[in-house]
Amino acid sequence: MSLLDKFAPLAELRGALAASGSVPSVATPMDEIHSATEGTIDGRRVLFAGTNNYLGLTFDPECQRAAIEAVEKLGTGTTGSRMASGNYAGHRALEREFAAAFNWPAAIVFSTGYQANLGAISALAGQDEYLLIDADSHASIHDACRLSLATTIRFRHNDPENLARRLERLGENARRTLVVVESLYSVLGDRAPLKEFVEVTQRHGAMIIVDEAHSFGMYGPKGLGICAEMGLLDRVDFVVGTFSKSLGGVGGFCVSRHREFDLLRLGSRPYIFTASPPPPVIAAARAALQRLLKGDDLRTQLWRNIERFNSAVTRLGYRTGTQDPGPVTALVFSERSEAIAHWQGLLDAGIYTNLMVPPATPAGLYIVRISLSAAHTDAQITRMIEAFEGLSSRLRPAA
Amino acid sequence: MPEATDKVERVVREALKIACPDIGIVDGNTHLASELGLDSAQVMDMIMEIEDRLDISIPVAAIAEAHTLNDLCNSVRRVAGEA
């Protein structure tokens, strides 16, 4: 048996996921990108409803200009870690800008959002310490736990009582525990009961880190996220996020109300042993952050799109992952064939979405995920709604 | 299913029944993934059920090498202090 034989079942799964058409639903080839909301797939111009480009900043003129200028002035890459030659003025400035936005004393920028979780969580909790994580956590959180020397225990998804029981069992060790939750879960689009999680955490003397990957930019004053929206920034210990969604780039950050957090950069392997983000990436992220903080116009347009689209899919009788509309809408199906038929039907109508299947989804669900953008025009949202109207008359939605 | 010999095995089998309602007779050496077809999410749900019923917390690492029903029972016994 060779090392490669174990991948055979994956080939089978990939084959099963290939919809009846010629375009694969996994790693769909994007042939051309025309704007924040349109591209070409398999020779056909499509409307994107399955990216994480929530504010549409990938084509923001200020962000583009900042990236181009940075390439011209500073080059294409840093070729070094932040601990060596890759600690440019832009990296340090972006960290100051994140800290200032949250009015917190410490911020660290990582090379990706994945590495932000990996770097922050694995370094915050070490030997003889504990990580209590939500069972539906993103892979980056699970991988961070693997990298950490701490003992990892899962609690039931979005269940503060279940978390409380686990903290109680830890006794005095609860004070050496980091609770890890996401503010908004990317598969079903459901929000965490953050207030209750924070109360339980503080009652037991533990600390809490909140991943705002899918909420930073869209919720709260200045778009700082759901913790800010709920007035929890004086009680949450760490907020982690990414540049690759609302900020339209690549990279990650972690901010903290604890000044000592800055020392983490001296002990975090995913921060130390990798090259720092290239100058154009940092320049675009800085421009995007300022754009996001500047006003609510993008958020207003995004929420208007969310309201219109969600009203339509509810009217059409689709089952969604949450009753709380947000930038992610998960259409839930009990049968794989039904989900594939919807994904393919939408693509045939010129709408690109995401098809998600077990084990990447909770409770064995089959999901067609739609994510909206502030860059979607009213006409584009109308086009999406019309595509769903056409599909729902042809394919029966799940009860 | 064969009759469980102790509380841990009984609880593990009950949790398995919840994760796989249509399951038939399961030998202790049955492989949870390759023979029963449980995916990682189903195993995780099963572990949570066991934790709730036994009022224990099972570290992720404690079950990393548990491939069969017997492996799982032994891991749970160790965490519960019954091994």
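For the structure itself, consult the block above.
Residues numbered from 1 in each chain as written. Chains lettered and ligands numbered in written order. Predicted model: local features only at pLDDT ≥ 70, side-chain atom pairs only at ≥ 80, totals over all residues. Heavy atoms only, no water.

Student: Can you explain the overall build of chain A? Please cite residues and give values.
Tutor: Within chain A one finds 13 helices and 14 strands. Taken against the 2.2 N^0.38 rule, which gives 21 Å for 399 residues, the C-alpha radius of gyration of chain A at 21 Å falls within 12% of a compact globule. Oriented by its inertia axes, the alpha-carbon framework of chain A measures out at about 60 × 55 × 55 Å. Taken across its 399 residues, chain A has 57% of its residues classed as buried. Sequence separation of at least 24 residues holds for 69% of the intrachain contacts in chain A that already meet a minimum separation of 6. For chain A, the exposed area adds up to about 16700 Å²; of that, 52% sits on carbon and sulfur atoms. Taken together, the 40 basic and 42 acidic charged side chains of chain A have centroids lying 2 Å from each other. (Helix = DSSP H or I, 4+ residues; strand = E, 2+ residues; numbered from the N terminus. Rg over C-alpha atoms; globule rule 2.2 N^0.38 Å. Buried < 20%, exposed > 50% of the residue type's maximum accessible area, 1.4 Å probe, protein only. Contact = heavy atoms within 4.5 Å. Areas by Shrake-Rupley, 256 points an atom, 1.4 Å probe, with all protein chains shown as cover. Lys, Arg positive; Asp, Glu negative; His and termini not counted. Charge placed at Lys NZ, Arg CZ, Asp CG, Glu CD.)

Student: Explain the pairing of strand 4 (residues 106–110) of chain A to me, and be specific about the residues and the numbers.
Tutor: Residue and element names in this part refer to chain A. A large share of strand 4 lies buried, amounting to five of its five residues. Bridge count for strand 4 against strand 10 (residues 252–256) is five bridges, and the pairing is antiparallel. Residue pairing in the sheet places I108 in a bridge with C254 of strand 10. (Pairing = 2+ DSSP bridges.)

Student: How would you sum up the pairing of strand 10 of chain A? Please name residues and give values.
Tutor: Residue and element names in this part refer to chain A. Across the five residues of strand 10, five count as buried, placing the element largely inside the fold. Along strand 10, one buried face is formed by G252, C254 and S256 and the opposite face, lined by F253 and V255, is buried too. As paired elements, strand 9 (residues 238–242) and strand 10 share five bridges and run antiparallel to each other. Bridge pairing links V240 to C254 in strand 10.

Student: Account for the packing of helix 11 (residues 297–315) of chain A against helix 13 (residues 378–394) of chain A, naming residues and giving values.
Tutor: Residue and element names in this part refer to chain A. Across the interface, helix 11 lies against helix 13 with an axial gap of 10 Å and an inter-helix angle of 15°. One way to sum up the angle between helix 11 and helix 13 is to call them roughly parallel. The crossing of helix 11 and helix 13 is right-handed. Across the interface between the two elements, Q301, R304, N305, R308, F309, A312, V313 and R315 of helix 11 pack against D378, I381, T382, M384, I385, F388 and E389 of helix 13. Grouping the constituent residues of the contact of helix 11 with helix 13 by class yields seven nonpolar, three polar and five charged. (Axes fitted to C-alpha atoms, helices over the stretch in contact; angles between N-to-C directions. Parallel < 35°, antiparallel > 145°, perpendicular 65-115°, else oblique. Left-handed = near helix turned anticlockwise from the far one by under 90°. Nonpolar A, V, L, I, M, F, W, Y, C, P; charged D, E, K, R; others polar.)

Student: Explain the interface of chain A and chain B to me, using residue names and the numbers behind them.
Tutor: Each partner contributes to the interface: chain A provides 14 residues, whereas chain B provides 14 residues. Of the roughly 1300 Å² buried between chain A and chain B, counting both surfaces, carbon and sulfur atoms make up 50%. For chain A, the biggest contributors to the area lost against chain B are R154, R156 and R169 of chain A; these three give 49% of the whole. In this assembly, chain A and chain B are joined by five salt bridges. Here chain A and chain B share eight residue pairs in polar contact (both at pLDDT 80 or more) between them. Looking at the side of chain A that touches chain B element by element, the count peaks at five residues for strand 6 (residues 151–155) of chain A. Residues of the side of chain A that touches chain B, tallied by class, amount to five nonpolar, four polar and five charged. (Buried area = accessible area lost by both parts, 1.4 Å probe. Salt bridge = Lys/Arg side-chain N within 4 Å of Asp/Glu carboxyl O. Polar contact = N/O pair within 3.5 Å; in protein donor to acceptor, adjacent residues only side chain to side chain.)

Student: Explain the packing of helix 4 (residues 113–124) of chain A against helix 5 (residues 139–147) of chain A to me, and be specific about the residues and the numbers.
Tutor: Residues and elements named next belong to chain A. In the contact formed by helix 4 and helix 5, the axes pass within 8 Å of each other and the chain directions differ by 35°. In this structure, the crossing between helix 4 and helix 5 has a hand that is right-handed. Facing helix 4, whose interface residues are Y114, N117, L118, I121 and S122, helix 5 presents S140, I141, D143, A144 and L147. Residue composition of the contact of helix 4 with helix 5, by class: six nonpolar, three polar and one charged.

Student: Now, about the nonpolar core: what can you tell me, with residues and values included?
Tutor: Residue and element names in this part refer to chain A. Of all hydrophobic cores here, the largest spans 96 residues; its most connected members are F98 and F102. It is helix 10 (residues 279–294) that contributes the most residues to this core, eight residues altogether. Filtering out sequence-adjacent residues up to four positions away, F102 remains in contact with F216, L224, L233, V239, F253 and V255. By size, the runner-up hydrophobic cluster in this structure holds 24 residues, among which are I108, I121, L178 and F261. (Core = buried A, V, L, I, M, F, W, Y, C linked by side-chain atoms within 4.5 Å.)

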